[in-house]
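Spelled out, the chains give:
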Amino acid sequence: MLLNAALHKAIACPHNRAAARHFSHRISTGGSAHSLIGRGSSIRLLDAATNSSLLPTRANAFSAVAAALKEEPAPSRPSPAQEVAAETPFVSTPSRKYEYFQNVEITPAGVAMVRFDNLTKKVNTLSFAVMQEAKSMWETEVHSNSNVKSVVFTSAKKNGFIAGADIFDITGVEDKSTLVPIIEEALLFFLHMKSKNVPLVAAINGPALGGGLEWALWCDYRICTDASSTKMGLPEVKLGFLPGFGGTQNLPALVGVQGGMDMMLTGKDIRPAKAKKMGLVDLVVAPQSLEKVAVETAEGLANDTVKKSRPKKKSLMNRFIEDTPPGQRLMWDKIKKMVDKNTNGKYPAPYAIMECVKYGLSHPNGLDKFKKEREEFAKLAATSESEALIGIFDGMTKMKKHSSDADPIDVKKVAIMGAGLMGAGIAQVTAEKGYEVLLKDRDDASLGRGLSYMNDNWGKRQKRRRMTQYQYNLNTSRVTPLSDDTESWKRHFSGADLVIEAVFENLELKRKIVQQVESVTPDHCVFATNTSAIPIGDIAAPGPEVRRPENIVGMHYFSPVPSMPLLEIIPHSGTSEEALATAFAVGTRQGKTCVVVKDVPGFYVNRCLGPILVEVSALVKEGVPLEKLDKAMTNFGMPVGPITLCDEVGVDVAAKVSTYLSNADLGVRMGGGDVSLLSDMVEKGWLGRKSKQGFFTYTGKKGKKIGPEVTSFLKEFNGGKVSDMSETDIQDRIASRLVNEAAKCLEDKIIENPAAGDIGLVFGIGFAPFKGGPFRYLDSVGVSSYVDRMNGFADTLGEQFEPCQLLKDYAASGKKFHG
């Protein structure tokens, strides 16, 4: 096994404070969203035990960003009809007066039905154009109409209410300070709506996120459906923003400061049952009843037969915490400590959210609190952190479409060879997305461990109410377990459209499996290998074992598969476009962000990690203390320091990786260090956490220190040197080796473009999300100055720091990697 599974096991390791506690492609918190006080009266606001995933966190920053971008609805690809509509200027007609709303209907009882319906997109979003049309629609159809006694806002689309604000409206504004009057105009519209003095009801089916939920918060009553797609949240923090349409004021007023802060600082989704319990919505109904109930409620609110919505009554303890100066001081102190711990001060948005809410509490009357909010929003929009996070969002959107024009085959049945951690994880995400899955291993014992892994994961989600019993049963029913002793396994495989092998890293074994699979599957069946090291071309090389090399492709998953968002897809020189398109389509449906990379040693992500291992050994040789190395890189924004990383993945694994890549085609870029450091530790049996001894000595669950044996060993290794190297030099030396290799991958066409390179390293190894990935990082610091820095290192330390030609070219021309 090489670095792929081990590295990501380390990053996700529950013992690792700098690791993500929960890689579930969504940000969640345990415990109550409302109470700071647990049993025994101990403060527990967003604490590590119950709410460990404040976003963005130093701990889980890269997985959190993955989650954010996964959950945040990306701009959907319009249908051909929608593309034509988008290019054709809208013309109002009597049957369709508005581009973003259906014609307003008024019931005999005076209920105005306002239905959001963007003609050019599959989902509704709040754009500048939508807000302008909303003002016109409201004034013409509702405000001046004395027959309107109440209003229901709902969506004409089956797949959602409003997915959020159009983020590209914001990025398109060059001078971000001009966002202040734009947001103020929107706020005045909401206040104008309220001045009609009729009940406003939000009827929500599907996602109501960001600006969509903020619209609903201006309403007097909120009704949502119990559909599985219904969720509410304010995820702006995930993109470096804060809620700008009154959310920082209206949400805490409705659900309490603690509940509001929990939602805004994590950006998490709230499902219907939880929304009702916390007071975010007033009613939960079946989807088919939504409009009927909404109209009846609007009528009742107008004639006083339905009680008006009111904020949920606070407990005595919560009144003390939220409504008294001593309680508030305690609350804000606890919140700030957790934000400091989780963000390491690298993300300004959580702090701005705190300031807006605090300002609103001290200025409850008037409109100044909203002014504070929009000013803070504009400031955040101008930050490099927001630009970086939006860049990742934009990159993910671009990654959703493969450049090939070939059509994928219609995959219905996927067979997984190997039921270990990787195979079972692949089977899990495949079954969850509706595919029929065949899971095969050599014997029933191995197969049983794989099935237990999946069932345990699904059971945990069900226990946490993130999966219904029906969905659990559906997932398990899609998986057919098979072993070598199952007489019918060949018959089952005869219907497979895609086979993914996830067995040991052994070329002979993999080619044998290709031969076995090709003998029982149809000619169109694509064979994907999950190798992390063996060249795909070697697996697909002509020979008696391989009859359909054009159907073979690499699908390199990262462990743990159910929660790591990245998938490297690796075609060899003979892979057909159809096979490549099929792998991309299946990977995307599995919920992965797919990056197509060239068939070279280490592919992209692991290839970029090799020079880091070498450089770390060089720094240790020079006498840089281990703790200083770790601290420097976590301060840079990496999820774990390199020394902790080696211990968590296993020193033996790190040694194998460095040896493998040193003997590959990287040349001098793998030079400059002394990786015997790692092999010598392996000989001593110091394998890292798994052996209780690596660079650190481990005792109990959290005990971790550098023992006297390691201290003595390091003195022998580096001659007793103790370096006072600056943190900046440590960061630049390690990061430059990584960034240069990423640029070299782009130069050698191992990756298609800078966006793919950024996504690969942010989602693959946790390259600081607030820096946007290696290429956005280079743009922000300046390629020319970075090349100068590397040349300085090359002059004093060696040719391993020589910038690749692409970096030199960009430095000379002044070009940027991103526009």
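Structural notes, computed from the coordinates. (Residues numbered from 1 in each chain as written. Predicted model: local features only at pLDDT ≥ 70, side-chain atom pairs only at ≥ 80, totals over all residues. Heavy atoms only, no water.)

**Some details on the overall build of the protein**
The cut-off we apply is this: Here a helix means four or more residues in a row that DSSP labels H or I, a strand means two or more in a row labelled E, and each is numbered from the N terminus. The buried label applies to any residue whose accessible area, calculated with a 1.4 Å probe on protein chains only, is under 20% of its type's maximum; exposed applies above 50%, and partly exposed to all values in between. Working rule for contacts: check all heavy atoms of both residues, and any pair within 4.5 Å makes them a contact. In this description, accessible areas are obtained by the Shrake-Rupley approach with a 1.4 Å probe, and a residue is regarded as covered only by the protein chains that are shown.
Helix and strand counts for the protein come out as 34 helices and 18 strands. Within the protein, the fraction of its 819 residues that count as buried is 60%. Taking contacts inside the protein between residues at least 6 apart in sequence as the whole, the part at least 24 apart equals 75%. For the protein, the computed accessible surface area is about 32,300 Å², with 52% contributed by carbon and sulfur atoms.

**Observations regarding unusual backbone geometry**
The step from Ser 559 to Pro 560 runs through a cis peptide bond, and the omega angle for that step is 0°. Among the secondary structure elements, Pro 560 is positioned in the loop between β14 (552-557) and β15 (566-571). Positive phi values are uncommon outside glycine, yet Asn 197 reaches one of about 60°. Topologically, Asn 197 is positioned in the loop between α6 (179-194) and β4 (200-204). A positive phi angle, close to 65°, is found at Asp 304, a residue other than glycine. You can see Asp 304 is positioned in the loop between α11 (290-302) and α12 (316-323).

**Describing the pairing of strand β6 (residues 221-225)**
Which entries qualify depends on this criterion: Note: two strands are recorded as paired if DSSP finds a minimum of 2 bridges between them.
Taking burial as the measure, the five residues of β6 include five buried ones, the bulk of the element. The alternating pattern of β6 places Tyr 221, Ile 223 and Thr 225 on one face and Arg 222 and Cys 224 on the opposite face, and all of these are buried. By the bridge criterion, four bridges tie β4 to β6 in an arrangement that is parallel. Its bridge partner lying in β6, Ala 202 is registered against Arg 222.

**A few points about the pattern of salt bridges**
This is how the line gets drawn: In the sections that follow, a salt bridge refers to a side-chain nitrogen of Lys or Arg positioned within 4 Å of a carboxyl oxygen of Asp or Glu.
This structure, assessed with the given rule, holds 45 salt bridges. Residues Glu 355 and Lys 358 are paired through a salt bridge, measuring 3.9 Å at the closest nitrogen-oxygen approach. One end of the pair, Glu 355, and the other, Lys 358, are both in helix α14 (residues 349-362), three residues apart, so they sit about a helical turn from each other. Under the relative-accessibility criterion, Lys 358 is labelled partly exposed at 32%.

**Here we look at the sheet that holds strand β12 (residues 498-501)**
Just so we agree on the cut-off: Interaxial angles span 0 to 180 degrees and are taken between N-to-C directions of axes, which are lines fitted to C-alpha atoms, for helices over the stretch in contact.
Strands sit in the order β11-β10-β9-β12-β13-β14-β15-β16 across an open sheet of eight strands; the sheet is mixed. The sheet is open, and its two borders are formed by β11 (479-483) and β16 (593-596), each paired with just one other strand. Here the strands of the sheet are splayed against their neighbours by 25° on average, with no regard to which way each runs. Sheet topology places strand β13 (residues 526-529) next to β14; three bridges connect them, and they run parallel.

**Observations concerning the sheet that holds strand β2 (residues 111-116)**
Pairing is mixed across the open sheet formed by six strands, whose spatial order is β1-β2-β3-β4-β6-β8. The open sheet has two edge strands, β1 (105-106) and β8 (283-285), and neither has a second partner. Sheet topology places β1 next to β2; two bridges connect them, and they run antiparallel. Counted as the bridge partner of Ile 106 is Ala 112 from β2.

**As for the side chain of Thr 225**
Rules: Contacts described as polar in this section are N or O atom pairs within 3.5 Å, which, within protein, must combine one atom able to donate a hydrogen with one able to accept it, while residues neighboring in sequence count only if both atoms come from side chains.
When you line up the elements, Thr 225 lands in strand β6. Polar side-chain contacts of Thr 225 include one of 2.8 Å to the side chain of Thr 230.

**What to know about helix α30 (residues 727-747)**
Formally: An expected span of 1.5 Å times one less than the residue number is assigned to each helix. A residue's bend is given by the angle between axes fitted to the 7 residues ending at it and the 7 residues starting at it.
Taking 1.5 Å of rise per residue, the 21 residues of α30 would be expected to cover 30 Å, and the 30 Å separating its terminal C-alpha atoms lies within 8% of that figure. Of all bends in α30, the biggest is about 25°, found at Ser 736. The element α30 is largely enclosed, with a buried count of 17 among its 21 residues. Count one or two residues on from α30 and you reach Lys 749, which has phi positive near 60°.

**Here's the deal with the pairing of β2**
Note the cut-off: We call a crossover right-handed when, viewed with both strands directed away from the observer, the connection leading from the first strand over the helix to the second proceeds clockwise.
The element β2 is largely enclosed, with a buried count of six among its six residues. Because side chains alternate across β2, one face comprises the buried residues Val 111, Met 113 and Arg 115, and the other comprises Ala 112, Val 114 and Phe 116, equally buried. What sits between β1 and β2 in their antiparallel hairpin is a turn of four residues, with Gly 110 showing a positive phi close to 90°. Of the strand pairs in this sheet, β2 and strand β3 (residues 150-155) are connected by six bridges, and their pairing is parallel. Bridging across to β3, Arg 115 finds its partner in Thr 154. Handedness of the β-α-β unit built from β2, helix α4 (residues 128-143) and β3 comes out right-handed.

**What about the packing of helix α8 (residues 247-255) against helix α9 (residues 257-266)?**
Threshold: Any angle that falls under 35 degrees is termed roughly parallel, while one over 145 is termed roughly antiparallel, one within 65 to 115 roughly perpendicular, and all others oblique. Handedness of each helix crossing follows the sense of rotation of the near helix against the far helix: counterclockwise by less than a right angle gives left-handed, clockwise gives right-handed. Amino acids are sorted into nonpolar (Ala, Val, Leu, Ile, Met, Phe, Trp, Tyr, Cys and Pro), charged (Asp, Glu, Lys and Arg) and polar (every other residue, Gly among them).
Running from N to C, α8 and α9 cross one another at 135°; their axes reach a closest spacing of 6 Å. One finds that α8 runs oblique with respect to α9. Every pair of crossing elements has a handedness; the one defined by α8 and α9 is right-handed. The segment α8 lies against α9, with Gly 247, Thr 248, Leu 251, Pro 252 and Val 255 engaging Val 257, Gly 259, Gly 260, Met 263 and Met 264. Its residues placed into classes, the contact of α8 with α9 shows six nonpolar, four polar and no charged.

**Observations regarding a negative patch on the surface**
Keep this limit in mind: Patch rule: a residue counts if its relative accessible area is over 30% and it has no salt bridge; like charges are joined within 9 Å, and nonpolar side chains (Val, Leu, Ile, Met, Phe, Trp, Tyr) within 5 Å. Counting rule applied: Lys, Arg positive; Asp, Glu negative; His and chain ends not counted. The atom standing in for a charge is NZ when the residue is Lys, CZ when it is Arg, CG when it is Asp and CD when it is Glu.
A cluster of acidic residues, Asp 405, Asp 407, Glu 577 and Glu 578, forms a negative patch on the protein surface. Its location among the elements puts Glu 578 in helix α23 (residues 577-589). Judged by relative accessible area, which is 40%, Glu 578 ranks as partly exposed.

**Thoughts on the packing of aromatic side chains**
For clarity, the threshold we go by: Only centres within 6.5 Å qualify two rings of Phe, Tyr or Trp (six-membered ring in Trp) as a pair; their planes then separate them into stacked at under 30 degrees, edge-to-face at over 60, and tilted for everything else. Our definition puts a charge over a ring when NZ of Lys or CZ of Arg is within 6 Å of the ring centre and also within 35 degrees of the ring normal.
Considering all chains together, one arrives at 25 aromatic pairs under this definition. In this structure, Lys 684 packs its charged tip against the face of Trp 686, placed 5.4 Å from the ring centre.

**Some thoughts on the packing of helix α25 (residues 626-636) against α30**
Two packed helices can be described by the angle between their axes and the distance between those axes. Between α25 and α30, the shortest axis-to-axis distance is 9 Å and the interhelical angle comes to 75°. When the axes of α25 and α30 are compared, the pair comes out roughly perpendicular. Contact with α25, carried on its side by Lys 628, Leu 629, Lys 631, Ala 632, Met 633, Asn 635 and Phe 636, involves Glu 727, Ile 730, Gln 731, Ile 734 and Ala 735 of α30 and no other residues of that element.

**Regarding a positive patch on the surface**
Where like charges cluster on the molecular surface, the positive patch consists of Lys 276, Lys 277, Lys 312 and Arg 465. Among the structural elements, Lys 312 can be located in the loop between α11 and α12. Classification of Lys 312 as partly exposed rests on a relative accessible area of 47%.

**Quick look at the environment of Asn 124**
Inspection of the secondary structure assignment puts Asn 124 in the loop between β2 and α4. For the pair Asn 124 and Lys 157, spaced 33 residues apart in sequence, the C-alpha to C-alpha distance is 7.9 Å. When near neighbours in sequence (up to four residues on either side) are disregarded, Asn 124 contacts Phe 116, Asp 117, Asn 118, Ser 155, Lys 157, Gly 160, Phe 161, Ile 162, Ala 163 and Gly 164. Reaching out from Asn 124, the side chain makes a polar contact with the backbone oxygen of Phe 161 at a distance of 3.0 Å.

**What to know about the nonpolar core**
Going by this rule: Residues belong to a common nonpolar core when they are buried Ala, Val, Leu, Ile, Met, Phe, Trp, Tyr or Cys residues joined through side-chain atoms within 4.5 Å.
Among the nonpolar cores identified, the biggest contains 106 residues, and Phe 493 and Tyr 604 are the most heavily contacted of them. In this structure, Phe 493 is in contact with Ala 415, Met 417, Leu 438, Lys 440, Leu 482, Val 499, Val 517, Val 520, Thr 521 and Pro 522, ignoring residues within four places of it in sequence.

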